[in-house]
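Here is how the chains run, residue by residue.
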Amino acid sequence: HYLSVSPKDRRVVICDSIYSPVQFRNALATVLFKRFNVPSASFVADLVLPLYLTGLSSGIVVDCGFRSSRVLATFAGVPLISAYRTATVGGQLVSSTLFKEVKASLGRE
């Protein structure tokens, strides 16, 4: 009664991490199919969706987050898991470095 549309009439796309546990995906699929009776459910890697949104099936997606950055290459719609990389460099580090540089620069004048 909380949904404003009937889930029986909607296909569902789940955006999740490439390392999301299989048990979680199975449990979510079970709930969607048995409880909500959705006609279909698709699990898509979160780093592949930007390519789909631009109409591309191959490319490299760089996700610069607050605490870390992630990179994933995709070819013909298939994520290349061996090309997945993370780094602990994110917006927080960039912001703090810029702040220190500006503060040091203002102190010299």
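Residues numbered from 1 in each chain as written. Predicted model: local features only at pLDDT ≥ 70, side-chain atom pairs only at ≥ 80, totals over all residues. Heavy atoms only, no water.

Draft legend 1. Molecular detail of the overall build of the protein chain. Helix and strand counts for the protein chain stand at three helices and six strands. Element order for the protein chain, N to C, with α for helix and β for strand: β-α-β-α-β-β-β-β-α. The C-alpha radius of gyration computed for the protein chain amounts to 20 Å, which surpasses the reference 13 Å derived for 109 residues by more than 25%, pointing to a less compact arrangement than a globule. For the protein chain, the spread of C-alpha atoms along the three principal axes comes to 65 × 35 × 30 Å. (Helix = DSSP H or I, 4+ residues; strand = E, 2+ residues; numbered from the N terminus. Rg over C-alpha atoms; globule rule 2.2 N^0.38 Å.)

Draft legend 2. Up close: the pairing of strand E1 (residues 12–16). Of the strand pairs in this sheet, E1 and strand E2 (residues 41–45) are connected by five bridges, and their pairing is parallel. Paired with aspartate 16 across the two strands is alanine 45, which belongs to E2. For the crossover that starts at E1, traverses helix H1 (residues 22–35) and ends in the parallel E2, the hand is right-handed. (Pairing = 2+ DSSP bridges. Right-handed = clockwise from strand over helix to strand, strands pointing away.)

Draft legend 3. Local environment of the nonpolar core. Ile18, Val44, Ala45, Leu47, Val48, Leu51, Val61, Leu72 and Tyr84 together form the largest nonpolar core, which totals nine residues. Other than its neighbours up to four places away in sequence, valine 44 contacts Val13, Ile14, Cys15, Asp16, Leu49 and Tyr52. (Core = buried A, V, L, I, M, F, W, Y, C linked by side-chain atoms within 4.5 Å. Buried < 20%, exposed > 50% of the residue type's maximum accessible area, 1.4 Å probe, protein only. Contact = heavy atoms within 4.5 Å.)

Draft legend 4. Summary view of the packing of aromatic side chains. Using the criterion set out here, one finds one aromatic pair in the structure. Ring geometry for tyrosine 19 versus tyrosine 84: centroids 5.4 Å apart, planes at 70 degrees, classification edge-to-face. Placement of the pair is tyrosine 19 in the loop between E1 and H1 and tyrosine 84 in the loop between strand E5 (78–79) and strand E6 (85–87), with a sequence separation of 65 residues. For tyrosine 19, a relative accessible area of 53% gives the class exposed. Residue classification places tyrosine 84 among the buried residues on the basis of a relative accessible area of 14%. (Phe/Tyr/Trp six-rings, centres within 6.5 Å; stacked < 30°, edge-to-face > 60°.)

Draft legend 5. Focus on the side chain of serine 69. Following the sequence through the fold, serine 69 ends up in strand E4 (residues 69–75). For serine 69, the side chain forms a polar contact with the main-chain oxygen of valine 89, separated by 2.6 Å. Leaving out residues up to four positions away in the same chain, serine 69 has contacts with Asp63, Cys64, Arg85, Thr86, Ala87, Val89 and Gly90. (Polar contact = N/O pair within 3.5 Å; in protein donor to acceptor, adjacent residues only side chain to side chain.)

Draft legend 6. Representation of the pattern of salt bridges in the model. Scanning all chains against the criterion turns up three salt bridges. Of the charged contacts, one joins aspartate 16 and arginine 25 as a salt bridge, the two residues approaching to 2.8 Å between their closest N and O atoms. Taking the relative accessible area as the measure of exposure, arginine 25 reaches 23% and is therefore partly exposed. Across the salt bridge formed by aspartate 46 and arginine 70, the nearest N and O atoms sit 3.1 Å from each other. (Salt bridge = Lys/Arg side-chain N within 4 Å of Asp/Glu carboxyl O.)

Draft legend 7. Fine view of unusual backbone geometry. In this structure, asparagine 37 takes a positive phi of about 55 degrees despite not being glycine. According to the relative accessible area criterion, asparagine 37 is partly exposed, its value standing at 36%. The phi dihedral of alanine 76 falls on the positive side, at around 55 degrees, and the residue is not glycine. Relative to the helices and strands, alanine 76 resides in the loop between E4 and E5.

Read these as geometric descriptors, not functional statements.
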